[in-house]
Every structure is written in structure tokens, then in C-alpha cells.
Amino acid sequence: MFKICRRQFANSLLSPRFYIALLVGITVQSLNIVSLLEFTEVIGESACITDGFLLFNNDIFSLAASSLGIIILVSDIPFSSQNETYTLLRITRVEWVAGKILYLFCACVIYYTVVFLSGVVLLAGNIYCSNRWSQPIYLLATDASGSLQAQFGLSYPEYILTYFTPIQASLLCMIYSIAYAFVLSLVIFWLNLKCSTAVGYFFSIMFHVLNYFMTVIFPTSAFCKYSLLANSSLRYHRFEVYPQSHGLLTIEQSCLAFFATELLLLILIYFAVKKYDFKITIESSQ
């Protein structure tokens, strides 16, 4: 299993797709950082090391755009090299699929770690390390008039400051971002086994677009709570102090939703691999 995962990473590092995907994530993050830097310069206050990623996770467009990087990164799963099919002659199907799934999870973790670190690098020189909410985030959260959002394109829910510390909020944002990315990668894996790579790529994008539309075009809790993309953002959760959020899922419920979705996809992948005729794939590569 670990050898398959390691070999997949070795292949990925030699592919332009890997670096294009990371560039997508870094570019999307930089858009929030530029606005944050402008805001901190105007108010004369430094940002906390977690501020960039918190604002990134708070913006549904940033989450949606960065997820395209994940689709690019794993779009060739599971057959990513010419030698891939010959590996199947030496190991079991369970070992092979477990190695691929481990790679997908690790790739998602690496992707959003790079996104987080890119924000830290871009903010270098104007940040500090602390587990207390920064003045920029506090001002954005208490901006009742919406003037700061109109001027800088930044906002942050005040109720999150009530429930979490910056580190707690950042960890939850990271977990949710990785969870949604992992779901996307499993969808691609399953579709590529059931259909061709082109068809799998198309329908995985449609799955992502559907989740985005359920959040943006129908921004009521009745639709948002069924969108996994919305549930990957901390702001789209139920908090008792915020009545407008009462129709959304709680933190625990969204974690359960991600777990159930990923478990279902793993079962579908298992049966798809079990029924897949690898002889066809091997013959077609010769």
C-alpha cells in the first residue's frame, strides 16, 4: 500500500499537472491576501498568522476556485502512468486501491498545507503568532454597516469569534477543506473506474458546480445544508447565537455528513475495482 502511494507521488512530482494545481491554490489564496494586506496597511495593524486562511475559508468563491486545483491534481487517477497496469500483476486489488486512496488523502493534505503556507509567506513582515483574534479580523467581524466589505471585499462572521479561538477555527477550516477535497478526489477515482477519464473529469466538475450553485444561487439554509462545499466553510454551520443559521448543519453533523459520503464512495470504489476487467487495461497499454 505504501509503495503504491510513494510511487504515485513520484509520478506526480514529474508531471506538470502537480505544479499547475498548486499554482491554482496559491493564486486563489493570494487574492484574499492582497486585500488583507491593503486592509492592514490602512488600519495600521498586523494580521495573525491564521488570518489569511480563515478569510480564504470564509469566502465560498475561494473554496470553489481552489477545489479546481484538486480536480487538476488527481484527474488522472487511478491509471497515471504506462507502468501502472503492470503493477497490478504483482499485488492484490485491495493493496492497489488502498495505496491510491492513501495517495489521494495525502495529496489533499499537502495541497491545503501549501495554500496555508503560501498565505503566511505572502503576509510575511506584517504578521504575528498568537491564539488571540487579531484587530483586522475583529474589525471585519464587527462591521455592521458592511462598509469594510464594500471597500476591501473582506468579511468575517462575528459569531465565530464567540465560539472558537483562531487556532481552533483554523484547524476546523483545514479539516473541512481537506474533507471536501477528499470527497472530490474519490468521486474522480470512482468515475474514472466506471467510465473513461474524460467522462469522469466532466462529471466530477459537474458535481462540484452543483455544490457551488446550491450555495450561491440558493443561499437559504434549505439548500446550503445539502451542499458539501458549503459545509466545508466554517461560516455555513449552525450557531445558536446566530438565528439565520439555525437551518444549517452543526459542526458534528457536517463531520458525520463528510464521513458518510466518503464511506459510501469508498464502498463504490471497492465494488468498481472488484468488477473492473484489468485485462482490458493491460492489453490496451501494450
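Residues numbered from 1 in each chain as written. Predicted model: local features only at pLDDT ≥ 70, side-chain atom pairs only at ≥ 80, totals over all residues. Heavy atoms only, no water.

**A word on the overall build of the protein**
In plain terms, the rule: Numbering of helices and strands starts at the N terminus; helices are DSSP runs of H or I of at least 4 residues and strands are runs of E of at least 2. We compute the radius of gyration over the C-alpha atoms and compare it with the globule rule, which gives 2.2 Å times the number of residues raised to the power 0.38. Exposure categories follow from relative accessible area, calculated using a 1.4 Å probe and restricted to protein chains: below 20% of the type maximum is buried, above 50% is exposed, and the middle band is partly exposed.
Broken down by element type, the protein carries 15 helices and two strands. Taken over C-alpha atoms, the radius of gyration comes to 20 Å for the protein, in line with the 19 Å a tight globule of 286 residues would show. When the backbone C-alpha atoms are referred to their principal axes, the protein occupies close to 65 × 40 × 30 Å. Residues counted as buried form 49% of the 286 residues belonging to the protein.

**A closer look at the side chain of N58**
Rules: Whether two residues are in contact is decided by their heavy atoms, any of which lying within 4.5 Å being enough.
Relative to the helices and strands, N58 is located in helix 3 (residues 51-58). We classify N58 as buried; its relative accessible area is 6%. Contacts of N58, omitting those with residues within four sequence positions, involve S155, Y156, P157, S233 and R235.

**Quick look at the nonpolar core**
Selection criterion: In this description, a nonpolar core means a group of buried Ala, Val, Leu, Ile, Met, Phe, Trp, Tyr and Cys residues linked to one another through side-chain atoms lying within 4.5 Å.
Among the nonpolar cores identified, the biggest contains 79 residues, and Y112, Y156, F189 and L234 are the most heavily contacted of them. The dominant element in this core, judged by the number of residues it contributes, is helix 10 (residues 166-194), at 18 residues. Those residues within four positions of Y156 in sequence are excluded, and the remaining contacts are L54, L55, N58, W133, I137, L140, A141, L161 and A169.

**What about a nonpolar patch on the surface?**
What counts is decided by this rule: Only residues whose relative accessible area exceeds 30% and that form no salt bridge are eligible for patches; like-charged ones are grouped when within 9 Å, while nonpolar side chains (Val, Leu, Ile, Met, Phe, Trp, Tyr) are grouped when within 5 Å. Under the convention used here, a 1.4 Å probe and the Shrake-Rupley method define accessible areas, while residue burial counts only the protein chains that appear. What counts as a salt bridge is simple: a side-chain nitrogen of Lys or Arg found within 4 Å of a carboxyl oxygen of Asp or Glu.
A contiguous nonpolar surface patch, about 700 Å² in accessible area, is contributed by V94, L256, F259, L263, I267, Y270 and F271. Broken down by element, the residue count for the nonpolar patch peaks at six residues, all from helix 14 (residues 251-275). Here F271 lies in helix 14. For F271, a relative accessible area of 44% puts it in the partly exposed group.

**A look at the packing of helix 2 (residues 16-43) against helix 6 (residues 93-122)**
To keep things clear, this is the line we draw: Angular values range over 0 to 180 degrees, each being the angle between N-to-C directions of two axes fitted as lines to C-alpha atoms, with helices fitted over their stretch in contact. Definitions for this section: a left-handed crossing has its near helix turned counterclockwise from the far helix by less than a right angle. A right-handed crossing has that turn clockwise. Note that Gly is not counted as nonpolar here; it falls among the polar residues with everything else outside the nonpolar set of Ala, Val, Leu, Ile, Met, Phe, Trp, Tyr, Cys and Pro and the charged set of Asp, Glu, Lys and Arg.
Viewed as axis vectors pointing N to C, helix 2 and helix 6 meet at an angle of 35°, and their least axial separation amounts to 9 Å. Helix 6 is crossed by helix 2, and the crossing has right-handed handedness. Taking contact as the criterion, the partners of A21, L22, V24, G25, I26, Q29, S30, I33 and L37 in helix 2 are, on helix 6, Y111, V114, V115, S118, G119 and L122. For the contact of helix 2 with helix 6, the class distribution of residues is 10 nonpolar, five polar and no charged.

**What to know about the packing of aromatic side chains**
Where we set the bar: Note on aromatic pairs: the rings of Phe, Tyr and Trp (six-membered ring only in Trp) are paired at centre separations within 6.5 Å, and the planes decide the class, stacked below 30 degrees, edge-to-face beyond 60, tilted for the rest. Think of it as a cone above the ring: NZ of Lys or CZ of Arg counts as a charge over the ring if it is within 6 Å of the ring centre and within 35 degrees of the ring normal.
In this structure the tally under the stated criterion is 17 aromatic pairs. A centroid spacing of 5.2 Å and a plane angle of 80° characterise the contact between F18 and Y19, whose relative ring orientation is edge-to-face. Judged by relative accessible area, F18 falls into the buried class, the value being 11%. When its relative accessible area of 44% is taken as the criterion, Y19 is described as partly exposed. Taking the centre distance of 5.4 Å and the plane angle of 75° together, the rings of Y270 and F271 count as edge-to-face. Classification of Y270 by relative accessible area gives partly exposed; the value is 38%. Site record: aromatic cluster; members linked through ring pairs are F53, F56, Y111, Y112 and F116. Positioned over the ring face of Y236 is R235, at 5.6 Å from the centre of the ring.

**Considering the environment of G119**
Here G119 is to be found in helix 6. Spatially, the C-alpha atoms of G119 and G52 are 5.6 Å apart, while their sequence positions differ by 67 residues. Leave out the neighbours within four places in its chain, and G119 touches Q29 and I33.

**Re the confidence of the model for the protein**
Spelled out, the test is: Note: pLDDT gives the predictor's confidence per residue, expressed from 0 to 100.
With 91% of its residues at a pLDDT of 70 or more, the protein has an overall mean of 85. Segment residues 280-286 is flagged for pLDDT under 50; beyond a separation of four residues in sequence, or across chains, it makes eight contacts in the model.

**Side note on helix 3**
Counting buried positions along helix 3 gives eight out of eight residues, so the element sits mostly inside the fold. Listing the buried residues of helix 3 in full gives D51, G52, F53, L54, L55, F56, N57 and N58. Next to the buried residues of helix 3 lie helix 2, strand 1 (47-48), helix 4 (60-74), helix 6, helix 7 (135-141) and helix 10.

**Quick word on the packing of helix 3 against helix 4**
So the rule is basically this: Oblique is the label for any angle not under 35 degrees, not over 145, and not in the 65 to 115 range, which are roughly parallel, roughly antiparallel and roughly perpendicular in turn.
Interaxial distance between helix 3 and helix 4 falls to 5 Å at its minimum, and their mutual angle equals 90°. The angle between helix 3 and helix 4 places the two elements in the roughly perpendicular class. Only I60, S62, L63 and S66 of helix 4 make contact with helix 3, whose side of the interface consists of F56, N57 and N58. Here the contact of helix 3 with helix 4 is built from residues that sort into three nonpolar, four polar and no charged.

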